[in-house]
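Listed here are the chains, written in short residue letters.
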Amino acid sequence: MDIEADLLVIGGGMAGLVAGIVAAEGGLETVLVRKGQSATAYSSGAIDVIGYLPEASEPFITPEEGLTAIAGLYPLHPYSVVGYAENVTPEKVVDAVVERSRESVNWLRNHLDGTIATLVGDFSTNILPITILGTTKPTCLIQKTMDPGDVQEREDSTLLFAGIMGHPDFYPASAAKTYLEDRIAFGLPSRKVAHCTIQVAPFGNSVNVSGIEIARHLDHDEALDDLAEQLKEHVDKVGATHVALPPILGLKNAVRNQTNLKQEIGADVFELLGFPPSVPGLRLQLALERIFRKAGGRLLIGHEVISFLKKDDQLKHVTGRAPQREIKINAKAYVLATGKFIGNGLVGDERGIRETIFGLMTVTGSYYSAGDTLPSKATNRVSITSEGQPIYSTGLTVDPQFRPIQEDGVEWVKNLFAAGSVLAGYNYSVEKSGLGVAVTSGFSAAMSAISYVKEVP
Ligand SMILES: Cc1cc2nc3c(=O)[nH]c(=O)nc-3n(C[C@H](O)[C@H](O)[C@H](O)COP(=O)(O)OP(=O)(O)OC[C@H]3O[C@@H](n4cnc5c(N)ncnc54)[C@H](O)[C@@H]3O)c2cc1C
């Protein structure tokens with residue numbers, strides 16, 4: 001079976017879906033294939049643009065401040081790449097980087113408005129939502145359900161951390177303690193906190209239950225009523241003004257559940273930022289897929305691109321494999337958004353770190369060849385360090401149109417663009433920039449692909 005398209009996007013995480021939606025809305029007949037789940041669906045579901053400079057301990061107050069530093073200090077960072085477009089003069093590089101990022105992030109927020117992953121926040125400032133550890137982290141946009149309201153500013157607030165019995169990801173007592181300790185460490189006034197544990201038994205199961213099981217359960221009205229009844233007792237007992245829950249408010253009805261709970265218990269309710277498996281990450285993934293389909297895109301889930309035909313400076317077609325079939329997809333242009341090690345865009349073995357589909361040149365964060373670098377040489381012995389793991393900075397280098405380049409600095413082919421975490425030159429876990437880079441580079445790669453397709457005969 002053959003499919004013809006203007007654009008084929010390979011990879012269905014944030015970068016691929018943003019590229020696919022922009023292209024489909026821009027008038028391209030767009031097909032998107034993804035073989036499995038993405039890092040996007042495992043993320044906390046908050047959109048980090050830029051939180052820290054590598055090795056810095058103070059977060060950036062605004063994304064603009066962070067992007068200005070990145071564009072000045074790291075010319076090969078994926079954010080900086082947009083500054084080298086043909087129409088940008090050297091003195092306007094920083095402005096171009098900030099503008100493109102602002103445009104992409106606002107585009108994302110507007111597109112997700114009214115969906116199951118509605119976002120709040122603004123490009124003009126970083127915010128500090130609370131995590132399930134009781135710490136805060138700088139991010140740009142959070143899902144509406146994670147909005148802690150005025151808990152951090154209100155002097156008379158009492159924050160109740162409410163855990164779920166049998167849900168091992170969240171310890172409310174420990175989160176409450178860390179929250180208070182952190183406030184004191186940052187010189188903020190102390191606050192009243194409390195903690196409790198609620199019994200929720202998704203489909204009769206109350207042992208080792210995952211956030212996703214609980215969220216599915218809470219999409220049913222009776223389950224939410226039961227949660228409200230139990231929560232109200234604790235809220236009344238401690239006089240809580242705000243209730244912090246792990247991210248479990250529902251897959252389909254989270255926003256509505258948040259509003260209903262607030263009404264029933266008389267306190268603000270919000271989700272803490274959590275770890276995988278992630279309910280908000282999954283909401284983000286599902287919402288973007290819906291938008292892509294609505295824009296006219298064709299989504300092929302469970303299809304892995306396994307081979308390709310390249311002729312001269314053009315990628316001619318790729319072959320995708322699904323359990324029951326193989327399909328040849330001929331497109332005028334392609335976006336590679338296959339992610340890093342979780343998405344499987346990159347793999348490491350005894351030879352080095354490779355790009356999995358086309359065998360494109362890979363580099364380390366220091367711009368040595370990653371193709372000859374053993375994965376163990378790009379990792380620290382200690383798993384969590386303030387410098388992060390260097391292996392996360394490996395990936396592809398691209399030209400200002402986001403086309404992967406080779407050793408000689410020339411693009412591999414003219415009609416392949418790359419976006420997201422398959423790119424080199426940034427370390428999302430240190431910088432807190434993961435989904436922001438995916439949005440901005442996905443948006444930019446799609447713009448380049450649209451221009452390319454519209455120019456070819
Ligand atoms: C645990 C965790 C928590 C995180 N938390 C945050 C956070 O709170 N905020 C934030 O901003 N960032 C966060 N990040 C980072 C962020 O999730 C990633 O940077 C971002 O999701 C990368 O998006 P992507 O589209 O580039 O790649 P991915 O989301 O990984 O998508 C890659 C896609 O490519 C597909 N694919 C791969 N190979 C093929 C093939 N051969 N054929 C077809 N399809 C293929 C995969 O199936 C997948 O769909 C987190 C990351 C992790 C791992």
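Just so it is clear, the model here is predicted, and its values are computed rather than measured.

Conventions adopted
- Residues numbered from 1 in each chain as written.
- Predicted model: local features only at pLDDT ≥ 70, side-chain atom pairs only at ≥ 80, totals over all residues.
- Heavy atoms only, no water.
- Phe/Tyr/Trp six-rings, centres within 6.5 Å; stacked < 30°, edge-to-face > 60°.
- Helix = DSSP H or I, 4+ residues; strand = E, 2+ residues; numbered from the N terminus.
- Buried < 20%, exposed > 50% of the residue type's maximum accessible area, 1.4 Å probe, protein only.
- Axes fitted to C-alpha atoms, helices over the stretch in contact; angles between N-to-C directions.
- Parallel < 35°, antiparallel > 145°, perpendicular 65-115°, else oblique.
- Contact = heavy atoms within 4.5 Å.
- Nonpolar A, V, L, I, M, F, W, Y, C, P; charged D, E, K, R; others polar.
- Pairing = 2+ DSSP bridges.
- Domains from an automatic or database assignment.
- Buried area = accessible area lost by both parts, 1.4 Å probe.
- Salt bridge = Lys/Arg side-chain N within 4 Å of Asp/Glu carboxyl O.
- Polar contact = N/O pair within 3.5 Å; in protein donor to acceptor, adjacent residues only side chain to side chain.
- Near = heavy atom within 4 Å.
- Areas by Shrake-Rupley, 256 points an atom, 1.4 Å probe, with all protein chains shown as cover.
- Core = buried A, V, L, I, M, F, W, Y, C linked by side-chain atoms within 4.5 Å.
- Expected span 1.5 Å × (residues − 1).

K.L.:
Which residues make up the packing of aromatic side chains, and what values do they have?
P.N.:
One pass over the full model with this rule turns up 7 aromatic pairs. Ring centres of Phe-358 and Trp-412 lie 5.3 Å apart, and the angle between their planes is 45°; on these two criteria the pair is classed as tilted. One end of the pair, Phe-358, is in the loop between strand 14 (353-355) and strand 15 (416-418); the other, Trp-412, is in the loop between strand 14 and strand 15, with 54 residues separating them in the sequence. A residue is classified by how much of its surface remains accessible, and Phe-358, at 6% relative accessible area, is buried. Taken together, the ring pairs in this structure connect Phe-308, Phe-358 and Trp-412 into an aromatic cluster.

K.L.:
Explain the packing of helix 5 (residues 93-112) against helix 10 (residues 279-294) to me, using residue names and the numbers behind them.
P.N.:
Running from N to C, helix 5 and helix 10 point in directions that differ by 85°, and their axes come no closer than 10 Å. When the axes of helix 5 and helix 10 are compared, the pair comes out roughly perpendicular. Where helix 5 abuts helix 10, its residues Leu-108, His-111 and Leu-112 lie against Leu-284, Ala-287, Leu-288 and Ile-291. Split into classes, the residues belonging to the contact of helix 5 with helix 10 amount to 6 nonpolar, 1 polar and no charged.

K.L.:
Explain the pairing of strand 7 (residues 242-245) to me, using residue names and the numbers behind them.
P.N.:
Here strand 7 shows no split at all, with His-242 and Ala-244 on one side and Val-243 and Leu-245 on the other all buried. With 3 bridges joining them, strand 5 (residues 158-164) and strand 7 adopt parallel strand pairing. Residue pairing for strand 7: Leu-160 is matched across the bridge by Val-243. The pairing of strand 7 with strand 8 (residues 268-271) spans 4 bridges and is classified as parallel. Looking at strand 8, one finds that Val-243 is bridged to Val-269.

K.L.:
Summarise the domain arrangement of the protein; cite the residues concerned and give the values.
P.N.:
Each assigned domain of the protein is listed with its residue range as follows: domain 1 (2-58 + 282-455) and domain 2 (130-272). Placing a centre on the C-alpha atoms of domain 1 and another on those of domain 2 gives a separation of 34 Å. The partner domain 2 presents 14 residues to the 12 residues of domain 1 that form the contact. Of the roughly 1,100 Å² buried where domain 1 meets domain 2, counting both sides, 54% is carbon and sulfur surface. Broken down residue by residue, the surface that domain 1 buries against domain 2 is led by Ile-47, Leu-282 and Arg-283, which jointly contribute 49%. Put simply, domain 1 and domain 2 have 2 salt bridges between them. In this structure, Asp-48 engages Lys-137 in a salt bridge whose closest nitrogen and oxygen atoms are separated by 2.7 Å. Where domain 1 meets domain 2, there are 10 residue pairs in polar contact (both at pLDDT 80 or more).

K.L.:
Describe the site of the ligand, listing the residues and the values that go with them.
P.N.:
What surrounds the ligand is a group of 36 residues, the closest being Thr-40, Ser-44, Ala-46, Ser-421 and Leu-435. The backbone of Gly-12 places a nitrogen or oxygen atom 3.1 Å from an oxygen atom of the ligand. Here an oxygen atom of the ligand and a backbone polar atom of Gly-36 are 2.9 Å apart. With the chains in place, 93% of the 1,000 Å² that the ligand exposes on its own is no longer accessible. Elements supplying a minimum of two residues to the shell around the ligand: helix 1 (14-25), strand 2 (30-34), helix 2 (39-42), strand 10 (304-311) and helix 12 (434-455). Class assignment of the residues belonging to the shell around the ligand gives a composition of 15 nonpolar, 16 polar and 5 charged.

K.L.:
Help me get a handle on the nonpolar core, residues and values and all.
P.N.:
Counting residues in hydrophobic clusters, the biggest one holds 91 residues, and the most contacted among them are Leu-8, Met-14, Leu-108, Leu-112, Val-335, Phe-358 and Leu-416. Of all the elements, helix 12 adds the most residues to this core, at 11 residues. Those residues in contact with Phe-358 that lie beyond four places of it in its chain are Ile-10, Phe-308, Leu-315, Val-318, Leu-336, Trp-412 and Leu-416.

K.L.:
Report on the pairing of strand 1 (residues 2-10), specifying residues and quantitative values.
P.N.:
For strand 1, the tally of buried residues reaches 7 of 9 residues, placing the bulk of the element in the interior. Where strand 1 lies against strand 12 (residues 325-336), 8 bridges are found, and the strand directions are parallel. Across the sheet, the residue bridging to Glu-4 is Asn-330, located in strand 12. Judged from the 4 bridges that link them, strand 1 and strand 2 form a sheet pairing that is parallel. Paired with Leu-8 across the strands is Val-31, a residue of strand 2.

K.L.:
Can you tell me about the side chain of Thr-131, naming the residues and giving the values?
P.N.:
Mapped onto the secondary structure, Thr-131 falls in the loop between strand 3 (119-121) and strand 4 (141-143). Residue Thr-131 is classed as buried on the basis of its relative accessible area of 11%. Contact partners of Thr-131, with chain neighbours within four places excluded, come to Thr-136, Lys-137, Leu-272 and Leu-273.

K.L.:
Which residues make up helix 1, and what are the values?
P.N.:
At 3.6 residues per turn, the α-helix brings residues three or four places apart onto the same side. Compared with the 16 Å implied by 1.5 Å per residue over 12 residues, the 16 Å span of helix 1 between its first and last C-alpha is a close match. Counting buried residues along helix 1, 11 of its 12 residues qualify, which places the element largely inside the surrounding structure. Of all the residues in helix 1, the buried ones are Met-14, Ala-15, Gly-16, Leu-17, Val-18, Ala-19, Gly-20, Ile-21, Val-22, Ala-23 and Ala-24.

K.L.:
Now, about the environment of Thr-131: what can you tell me, with residues and values included?
P.N.:
Between the alpha carbons of Thr-131 and Ala-244 there is a distance of 9.6 Å; along the sequence they are 113 residues apart. Of note is the side chain of Thr-131, whose polar atom sits 2.7 Å from the side chain of Thr-135.

K.L.:
Quick rundown of the sheet that holds strand 7? Include the residues and the values.
P.N.:
Spatially, 6-5-7-8 is the arrangement adopted by the 4 strands of the open sheet, whose pairing is parallel. The sheet is open, and its two edges are formed by strand 6 (192-198) and strand 8, each paired on a single side. Strand-to-strand twist across the sheet, computed as the mean angle between neighbouring axes with direction ignored, equals 25°. The strands that helix 6 (residues 172-185) touches are strand 5 and strand 6; relative to strand 6, the one it contacts most, it runs at about 165°. Together, strand 7 and strand 8 form the strand contacts of helix 9 (residues 254-265), whose direction differs from that of strand 8 by roughly 145°.

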